[in-house]
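Examination of the molecular architecture
Residue strings, one per chain:
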Amino acid sequence: MNRHSMNSWLALALFVLVIGGFQTAFAQEESKQKEQLLFDRLGGLAPISVVVDDLLDALVPDPVLNKNPAIDAARERVPMPYLKYHVTAMVSQAIGGPCQYHGRGMKEAHAHLNITQKEWDRFVTIFKGVLAKHNVPAKESQALLDIIDSTEADIVKSSAVR
């Protein structure tokens, strides 16, 4: 092998090593980013759907929420499996998961319910209880609560006390 051929092979080998290193570094960084998604930290779609299921099951019989006739009427109109599907998709999308929510926005979906601050606070209390029941770690629980808190202004419409 002449010197020119040897240099070509060395250059090619160096090129392959550099490209391979970039691909490995890129794959590791992509893996790190994926691990950092709240969706992945919570275990993916199966445990998220279980928490949503339990949350909605806990909200339905709640006497504080049932004092609101609009909430009670909405529960009669909207089939629970349909609501659970939409809430699961919405949560998945909000925390970096693969599902896409195609329902109405929070403001539009809740405007007619005239939700009070007391009802909102009760919802948050129930939500925290469901997270605790499922041993959701503090960091992930707080991230979920921050997302929930960001929707409060669109959902709470009434200062009336029930």
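Residues numbered from 1 in each chain as written. Predicted model: local features only at pLDDT ≥ 70, side-chain atom pairs only at ≥ 80, totals over all residues. Heavy atoms only, no water.

Comments concerning the overall build of the protein
Condition: We count a stretch as a helix when DSSP gives it H or I for four or more residues in a row; a strand needs E for two or more, and each element gets its number in order from the N terminus. Each residue gets one of three labels from its accessible area relative to the maximum for its type: buried under 20%, exposed over 50%, partly exposed in between, using a 1.4 Å probe on protein chains only. Contact between two residues is taken to exist if any of their heavy atoms lie within 4.5 Å; hydrogens are not considered. What sets the accessible areas is the Shrake-Rupley method with a 1.4 Å probe; for residues, cover comes only from the shown protein chains.
When its secondary structure is counted, the protein shows 10 helices and 2 strands. Tracing the protein from N to C terminus, the helices and strands come up as α-α-α-α-α-α-α-β-α-α-α-β. Per-residue burial for the protein yields a buried fraction of 30% across its 162 residues. Within the protein, contacts between residues separated by at least 24 positions form 76% of all contacts whose residues are at least 6 apart in sequence. Counting only carbon and sulfur atoms, one obtains 62% of the accessible surface of the protein, whose full area is about 10400 Å².

A few points about the layout of surface pockets
The test is simple: Grid spacing is 1 Å over the protein atoms alone, the probe is 1.4 Å, and a cavity is where that probe fits but cannot get out, while a pocket is an open set with protein on both sides within 12 Å along at least five of seven lines and lining residues have an atom within 4 Å of a point. Grid points are joined across faces, edges and corners, and a volume is the space filled by probe spheres set on the points. Classification used: nonpolar for Ala, Val, Leu, Ile, Met, Phe, Trp, Tyr, Cys and Pro, charged for Asp, Glu, Lys and Arg, polar for all others including Gly.
Within this model, the largest pocket holds a volume of roughly 1400 Å³. Around the largest pocket, the lining is made up of 48 residues, and of these Leu56, Leu83, Val87, Met90 and His110 lie nearest the centre. Listing elements by their share of the lining of the largest pocket, those giving two or more residues are helix H3 (45–59), helix H5 (69–77), helix H6 (80–94), helix H7 (106–110), helix H8 (117–133) and helix H9 (138–149). For the lining of the largest pocket, the per-class residue count stands at 37 nonpolar, 6 polar and 5 charged.

Quick notes on the pattern of salt bridges
Convention followed: Just to be clear on terms, a salt bridge is a Lys or Arg side-chain nitrogen sitting within 4 Å of an Asp or Glu carboxyl oxygen.
If you walk through the whole model with that rule in mind, you get 5 salt bridges. With a shortest N-O distance of 2.8 Å, Arg122 and Asp62 are connected by a salt bridge. Of this pair, Arg122 sits in helix H8 while Asp62 sits in the loop between H3 and helix H4 (63–66), and the two are 60 residues apart along the sequence. The exposure class assigned to Asp62 is buried, which follows from its relative accessible area of 4%. Taken together, the shared-partner salt bridges in this structure form one network comprising Asp53, Asp57 and Lys84.

Thoughts on the packing of aromatic side chains
How we decide: The pairing test for Phe, Tyr and Trp rings, Trp by its six-membered ring, is centres within 6.5 Å, and the orientation test on the planes gives stacked under 30 degrees, edge-to-face over 60, and tilted for anything in between.
Under the defined criterion, the tally for this structure stands at 2 aromatic pairs. Residues Trp120 and Phe123 carry aromatic rings whose centres are separated by 5.5 Å and whose planes lie at 50° to one another, so their mutual orientation is tilted. With Trp120 and Phe123 both in helix H8 and 3 residues apart, this pair spans about one turn of that helix. Residues Phe123 and Phe127 carry aromatic rings whose centres are separated by 6.1 Å and whose planes lie at 10° to one another, so their mutual orientation is stacked. Here Phe123 pairs with Phe127, and both are found in helix H8, just 4 residues apart, close to one helical turn. Side by side, Phe123 and Phe127 carry an identical accessibility label, which is buried.

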